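One-letter residues, chain by chain:
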Amino acid sequence: MVPIGELFIMGYCFYQFAKPFVESSFECPLLCTLYKGKKQSKKRTFCVGITYTLTMLILYEIPVHFNTFIAYSIGVFAAFLVMCWIERRNYEQKIFITVTFFSLRWFTSAMAEILYDNLYDFMLNTNYMRTHPDMSFALYVMVCLLYLALEFLFTVIGIKCILKNYAYKYAKMSKKELFILIVPSFMGVVGYELIWYYRNFYIAEIKKNSDMYDILSLLYYVVAIVMIVVVIVLYQDIKAGQEEKLQNELLATQMDSIRQHIEQVENLYQGIRCIRHDMTNHIITLERLYAANKQKEAIAYSTELKAVLSEVSSNIISGNPITDVILQEMQSKAKKKKIRFDIDFHYPIASNVNVFDISVILNNALQNALEYTPKTEMSYISIISYRRNNAYIIEISNSFIGNLQWNTESGLPMTSKERIDSYGQNHGYGLLNIQKVAQKYFGDIVVDLKDDVFCLSILLMIET
């Protein structure tokens, strides 16, 4: 019963270890039913632990002898296949999960068995047990239960340490990163095999344990687990540096975009000033043409003047020239894609809101909307804004077909942008950048998908 109980314990631990990684991108159609979506994903992830347990039970029960390492390798490989079936991406990370759990299982089991052997040997040689041989079976049961409890405790502690320090659970892992991360596990398992072989050989020859050897073995297993955690910490630090570098690059790109918008505004106003300066001359020219009864020339001249005026004027008046230019640019892009673009946006005049922050929101949100709005006859993009006392709200909605995939680390839907960095990673920081701006003004964002309409709501708490 002890080996069977051990298999169930390890199956549960495997499920708990794989869950945060595999559940990070399950589809969830509605934000309001996100909890239900998580329940469904947990049921699917639970298949990882069930597969591992059932595979090991079958191997345990069949009358064919299997090498222990081969048997457990088959068990974790079956669980690996289930993870790949549940989530068809980031296979390198799944290999890392499988190899790490495989090594962790041996380390914690060996630690528990060393304590079990020494405790059982100590208890058997006490005066009480010598005078109460009828308690031998009860002692054996108690020590076996203690063994299972220690193995479970050590495994849970190891898993908790790894999950706590592994921050970027959704980030794609490259083959080089996989190699670096599994080296400690691989070397640890090789060391375990050597230590365990000589321990069993020593016990078989001497008929007793070596206390010093067991202490050194325990120390080795603890160090092996610590090394796995240390390498993960170093890996996450490197990953954090990469993420920061990428966000800085995106921020620099956005600043360049804002700079271009400012230049467009300056050119717009320069054109308006030039027309104002020449307006008197234009009026005099028209008066002379009409006075000379040259109506055709006057009409042609006025038509040309209207065309010039339309080029420098905008039909969008949001309350700020920079947001006018951004909205006009996005409207032009939507027109080219034959997408209806509805605007009821008003810049919060006389407030503490920085136009740069509003520009970041508009650029990211509208660019996402343009990218993900399907090209159909009824497709549209809508942007509105309104105030309720100190609450300034921007709502951007667009037609959308399909479901959303949610990133459990950020709580935001993931994008499918094909922006690949030098490390082979996909990134979509649009919503994260918008959220950072909203949080700067003590607000936040809410994403909703209902009736094929994607809606992004941004709340800013502003001061007037």
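For the structure itself, consult the block above.
In this report, the structure presented in the accompanying data block is examined. In this text, all values refer to a predicted model and were calculated from it rather than measured experimentally.

Notes on the pairing of strand β6 (residues 444-450)
Next up, step 1: Here β6 shows one buried face, formed by I445, V447 and L449, and one open face, formed by D444, V446, D448 and K450.
Next up, step 2: As defined by bridge partners, β6 adjoins strand β7 (residues 453-461) across seven bridges and the pair is classed as antiparallel. Following the sheet pairing, D448 is matched in β7 by C455.
Next up, step 3: Taking the residues that link successive antiparallel strands as the turn, the β6-β7 hairpin has two residues, and the phi of D451 there is positive, at about 55°.

Digging into the environment of L366
Next up, step 1: In this fold, L366 is placed in helix α11 (residues 355-372).
Next up, step 2: Take L366: its relative accessible area is 0%, and that puts it in the buried class.
Next up, step 3: Each C-alpha atom, one on L366 and one on I326, is 9.4 Å from the other, the two residues being 40 residues apart in sequence.
Next up, step 4: Dropping the residues within four chain positions of it, L366 is found in contact with L327, M330, F341, I361, I381, I383 and I396.

Digging into the layout of surface pockets
Next up, step 1: In this structure, the second largest pocket spans a volume of roughly 720 Å³.
Next up, step 2: Taken together, 31 residues make up the lining of the second largest pocket; nearest its centre are E6, T68, Y72, R105 and W106.
Next up, step 3: Where the lining of the second largest pocket is concerned, the elements lending two or more residues are α1 (2-22), α2 (34-61), α3 (68-86), α4 (91-124), α6 (136-165) and α7 (175-206).
Next up, step 4: Partitioning the lining of the second largest pocket into residue classes produces 22 nonpolar, five polar and four charged.

Here we look at a nonpolar patch on the surface
Next up, step 1: A contiguous nonpolar patch, built from F179, I180, V183, F186, M187, V190, L194, Y197, Y198 and F201 and spanning about 1,100 Å² of accessible area, is present on the exposed surface.
Next up, step 2: By secondary structure assignment, the location of V190 is in helix α7.

A word on unusual backbone geometry
Negative phi characterises most residues that are not glycine, and trans characterises most peptide bonds.
Next up, step 1: With a phi close to 60°, K338 is a non-glycine residue in the positive phi region.
Next up, step 2: By secondary structure assignment, the location of K338 is in the loop between α10 (321-336) and β1 (340-344).
Next up, step 3: Although it is not a glycine, F442 adopts a positive phi angle of roughly 60°.
Next up, step 4: Following the sequence through the fold, F442 ends up in the loop between α12 (430-440) and β6.
Next up, step 5: Judged by its relative accessible area of 72%, F442 is exposed.

Focus: the packing of aromatic side chains
Next up, step 1: Going through the model one piece at a time under the given rule, you end up with 24 aromatic pairs.
Next up, step 2: Pairing F400 with F454 gives two aromatic rings, centres 6.0 Å apart and planes at 40°, and the pair type is tilted. Taken together, the residues F400 in the loop between β3 (391-399) and β4 (406-407) and F454 in strand β7 connect sequence positions 54 residues apart.
Next up, step 3: What makes F454 buried here is its relative accessible area of 13%.
Next up, step 4: Here the aromatic residues F69, Y72, F102, W106, F107, Y192, Y220 and Y221 are joined through ring pairs into a cluster of three or more.
Next up, step 5: Sitting above the plane of the Y72 ring, R105 keeps its charged end 3.9 Å from the centroid.
Next up, step 6: Here R105 stacks its cationic end above the ring of W106, 4.4 Å away from the centre of that ring.

Regarding the packing of α3 against α4
For any two helices packed against each other, the geometry is given by the interaxial angle and the distance between the axes.
Next up, step 1: Interaxial distance between α3 and α4 falls to 10 Å at its minimum, and their mutual angle equals 150°. Both α3 and α4 take part in a crossing whose hand is right-handed. Touching T68, F69, Y72, S73, V76, F80, M83 and C84 of α3 are Y91, K94, I95, I97, T98, F101, F102, R105 and W106, all from α4.
Next up, step 2: Looking at the contact of α3 with α4, its residues break down into 12 nonpolar, three polar and two charged.

What counts as what
- Residues numbered from 1 in each chain as written.
- Predicted model: local features only at pLDDT ≥ 70, side-chain atom pairs only at ≥ 80, totals over all residues.
- Heavy atoms only, no water.
- Buried < 20%, exposed > 50% of the residue type's maximum accessible area, 1.4 Å probe, protein only.
- Helix = DSSP H or I, 4+ residues; strand = E, 2+ residues; numbered from the N terminus.
- Pairing = 2+ DSSP bridges.
- Contact = heavy atoms within 4.5 Å.
- 1 Å grid on protein atoms, 1.4 Å probe; cavity = no way out; pocket = protein on both sides within 12 Å on 5 of 7 lines; lining within 4 Å.
- Points joined across faces, edges and corners; volume = space filled by probe spheres on them.
- Nonpolar A, V, L, I, M, F, W, Y, C, P; charged D, E, K, R; others polar.
- Patch = residues over 30% accessible without salt bridge, like charges linked within 9 Å, V, L, I, M, F, W, Y side chains within 5 Å.
- Areas by Shrake-Rupley, 256 points an atom, 1.4 Å probe, with all protein chains shown as cover.
- Salt bridge = Lys/Arg side-chain N within 4 Å of Asp/Glu carboxyl O.
- Phe/Tyr/Trp six-rings, centres within 6.5 Å; stacked < 30°, edge-to-face > 60°.
- Lys NZ or Arg CZ within 6 Å of the ring centre and 35° of its normal.
- Axes fitted to C-alpha atoms, helices over the stretch in contact; angles between N-to-C directions.
- Left-handed = near helix turned anticlockwise from the far one by under 90°.

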